[in-house]
Amino acid sequence: MATTHNLGFPRIGARRELKHALESFWQGSLTEKELRTEGASLRRRNWAIQAGLDLAPIGDFSFYDQVLDMSVTLGNIPERAGLAEVSDLDRYFRVARGRSANDDDGCAIHAGEMTKWFDTNYHYIVPEFHSDTGFSLNSERLMEQIQEAREQGLTPKPVLIGPVTYLWLGKSKDSSTDKLSLLDRLLPVYAALLDRIAAAGVEWVQVDEPVLVTDLDADWRHALNLAYHDLKTCTPKLLVTTYFGDLRENLQLACELPVAGLHLDAISAPEEVARVVDWLPPHKTLSLGIIDGRNIWRTDLNRTLDWLEQVHDRLGDRLWLAPSCSLLHVPVDVDIEHKLDADIKSWLAFAVQKLDELDILARALNTGRASVHRQLTENARLIRSRQVSGRAHSPAVTDALSNLDGHTGARQAPYRERIDAQRRQTVLPAYPTTTIGSFPQTEEIRLARQQFRTGNLTEAAYVARIREEIAYCVNQQEELGLDVLVHGEPERNDMVEYFGEQLNGYAFSQFGWVQSYGSRCVKPPILFGDISRPKAMTVDWIRYAQSLTERPLKGMLTGPVTMLNWSFVRDDQPRKDTALQLALAIRGEVLDLEKAGVKIIQIDEAALREGLPLRQADRASYLDWAVNAFRVAANGVRDETQIHTHMCYSEFNDIIEAIARMDADVITIETSRSDMELLDAFRGFEYPNELGPGVYDIHSPNIPKKQEMVALMQKAAERIPSTRLWVNPDCGLKTRRWEEVVPALRAMVQAARELRQAI
Ligand code: GLN
Ligand code: ZN
């Protein structure tokens, strides 16, 4: 009999109940008790959905972040979060969110650093380590939840982040501390925790060690061996879970760890299943992640059974079945979607549906395919309908793609030549000033959009409203004296959704929320089919904006790689092909803008870096196709048309060469928090094109001072010739208020003027 289990369930709630409860609590309109009650009720509902599983995850529920929860369990909370006088929950949120000096006792506490959870869009709170970091057990939360799950009639399987992954995820705050040196102190606390769990009568514990799918050096590999040899004497059986990739050179290590079971992500490592089956010692359980926990497509159950039955024949009771990773990364329930096109909806499976699929697969293995004949036939029908659907496949797109050649992505002349043509066409001062695109998205704009969507505002009235906003924005920029203006993006709800809504091949859910961090969620668009652009998407707005000013106005688009990385994408063709389809659609828009007389076009690639594979060995090929997609989108223009790109991060060392290959005339980046030091990457590489290092942090409400910005640009000019520098904020201004934006940009323009005088 194959056993079923789940690695984790989305905790935010099908209708984002947790988000709403948290935000009310933070505002003071919900008490701690009420928040805890809401948490318990969400857990109860989530377990009810998982009641058919042989083992249900517990401890995967979190009020903010599962890594922070683990830090609490291990007694590793930064001292600044305060001592005994605040409640545990307050202390927890202090680490998660920080607090400002305005709060009651007047002392500010900075939040824990946040970073991406492996290659997902989920962000965790980074554990902090010092040379004197000690650990102490705090098992209350887990013990309570074991109890709760039992009362609901489930067999609980606590979920822990494994000791080695826990260290790997954290950061030493004093450079002298080697994280691995803390393992000795950490293991006794894990052992005590496991003992306590055993005392509660729990048989299996899930210990997540996704570091096993990353490049590990000898010390980290050794740490894994050491840790699990040390924990070997603990009573509960340990299931070490790996996900998000293949094990490669860590495969043997993973198979041989002295634990009772191993979970392998068979969606991202299908080719390793056979090897793991061969390597795994005969007393061990193998859990296979056979349902995609990161994407939203219905599983082809019959095809899965074709290979899974053979594994089951070999392993029998030793085989466990699960989704590939925690379902945290997918929305909760597709059944509550009422606006999605019926065909597309029938191709999707969110968390609830994925567990149904798991159940069907287990029954097919345990009691024969005939026992689930109806479900398997229905699944085959839906899989087929997606494969042959005219909605998803367009011969014209296939054709367009096959016409691409090596020249499609190349500019006519190299940068050194075309820059002269650009400077003749658009005369700009030294240190030209510009912004990244968006201006404040005010409450009124959002309201107008909402009224338009619900039919309470006519299209004509909505367009008039947006035009009014554009006019205001252009006017403000002229008054501020900026050199290259933007229209301000008031018509955009989101930089991907806005374009996705106008392209064929994209669909949108109503409730397809996925937690990004804390109470924040994103609703990634669903890229289900071949991408094409029925008509121009931005030209009217940009042309209108340009008609209002003599100054050059920059057209604003989202790039293909960012569109891809921020969407749920189809799984029936390589990502690279989807990226190219997006690139062709954007290319069409770029050429339409050029035809409309737009001389400067920015193509944002905010998420290019995010797509980097976990393994070093896979990075070059990703960067190749990602850069190629950008080039195809951007580089069809004439020499005199200036292409800008923008990237929202500040690490370029390892991708600088790829950035250079994009060949954008100007790149604006986030630098203000790194004191321009990151420009060393560009200097070392002798980056040839123009660069706009962000001179102030738009995430902060502080108004930057002119002198600070002058000083930053002087540092930049030590690294990059001043003739190739632009002056701009480090990202878009949509989250700020006009009262903040105007003085900040005024100071920025004055800084640029001062810099020019010094030339
Ligand atoms: N043009 C977009 C804006 O200004 C870019 C946003 C981003 O890079 N995240 O908002
Ligand atoms: Zn940005």
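The structure under discussion appears in the preceding block.
Residues numbered from 1 in each chain as written. Chains lettered and ligands numbered in written order. Predicted model: local features only at pLDDT ≥ 70, side-chain atom pairs only at ≥ 80, totals over all residues. Heavy atoms only, no water.

Undergrad: Could you give an account of the overall build of the protein, naming the residues involved and the relevant values?
TA: The secondary structure content of the protein amounts to 27 helices and 22 strands. Against the 2.2 N^0.38 benchmark of 27 Å for 759 residues, the protein shows a C-alpha radius of gyration of 27 Å, consistent with a compact globule. By principal-axis analysis of the C-alpha atoms, the protein measures approximately 75 × 60 × 55 Å. Burial status across the protein gives 59% buried among its 759 residues. When contacts within the protein are restricted to residue pairs at least 6 apart in sequence, long-range pairs at least 24 apart make up 78% of them. Surface accessibility of the protein: about 30300 Å² in total, with carbon and sulfur atoms responsible for 49%. For the protein, the distance from the average position of its 87 positive side-chain charges to the average position of its 108 negative side-chain charges is 3 Å. (Helix = DSSP H or I, 4+ residues; strand = E, 2+ residues; numbered from the N terminus. Rg over C-alpha atoms; globule rule 2.2 N^0.38 Å. Buried < 20%, exposed > 50% of the residue type's maximum accessible area, 1.4 Å probe, protein only. Contact = heavy atoms within 4.5 Å. Areas by Shrake-Rupley, 256 points an atom, 1.4 Å probe, with all protein chains shown as cover. Lys, Arg positive; Asp, Glu negative; His and termini not counted. Charge placed at Lys NZ, Arg CZ, Asp CG, Glu CD.)

Undergrad: Pulling in residues and values, what's your account of the pattern of salt bridges?
TA: Across all of its chains, the model carries 53 salt bridges by this definition. Ionic pairing is found between R248 and D618, a salt bridge with its closest N-O pair at 2.7 Å. Of the two residues, R248 is situated in the loop between β9 (237-241) and α9 (251-256) and D618 in helix α23 (residues 616-634); the sequence distance between them amounts to 370 residues. Residue class for R248 comes out partly exposed when judged on its relative accessible area of 27%. In this structure, E491 and R492 form a salt bridge, with 3.1 Å as the shortest nitrogen-oxygen distance. Residues participating in the shared-partner salt-bridge network are R386, D530, R570, D571 and D572. (Salt bridge = Lys/Arg side-chain N within 4 Å of Asp/Glu carboxyl O.)

Undergrad: Account for the site of ligand 1, with residues named and values stated.
TA: S438, E489, D604, H646 and C648 are the nearest of the 13 residues found near ligand 1. The contact in question runs from a nitrogen atom of ligand 1 to an N or O atom on the side chain of D604, over 2.7 Å. Measuring from an oxygen atom of ligand 1, one finds a side-chain N or O atom of K734 at 3.2 Å. Considering ligand 1 on its own, with 300 Å² of exposed area, one finds that the protein chains cover 93% of that surface. Of the residues assigned to the shell around ligand 1, the class counts are 6 nonpolar, 4 polar and 3 charged. (Near = heavy atom within 4 Å. Polar contact = N/O pair within 3.5 Å; in protein donor to acceptor, adjacent residues only side chain to side chain. Nonpolar A, V, L, I, M, F, W, Y, C, P; charged D, E, K, R; others polar.)

Undergrad: Quick one: what's the story with the coordination of the zinc ion (ligand 2), residue by residue and with numbers?
TA: Protein ligation of the zinc ion (ligand 2) involves H646 (NE2), C648 (SG) and C731 (SG), the donor distances falling in the range 2.0 to 2.1 Å. Taken together, the 4 donor atoms surrounding the zinc ion (ligand 2) define angles of 76 to 122 degrees at the centre, an arrangement classified as irregular. All donors to the zinc ion (ligand 2) come from one chain, and their sequence spacing reads H-x1-C-x82-C. (Donors = N, O, S within 2.8 Å, 3.2 Å for Na, K, Ca; no water. Tetrahedral: all angles 85-135°; square planar, octahedral: opposite > 155°, others 65-115°.)

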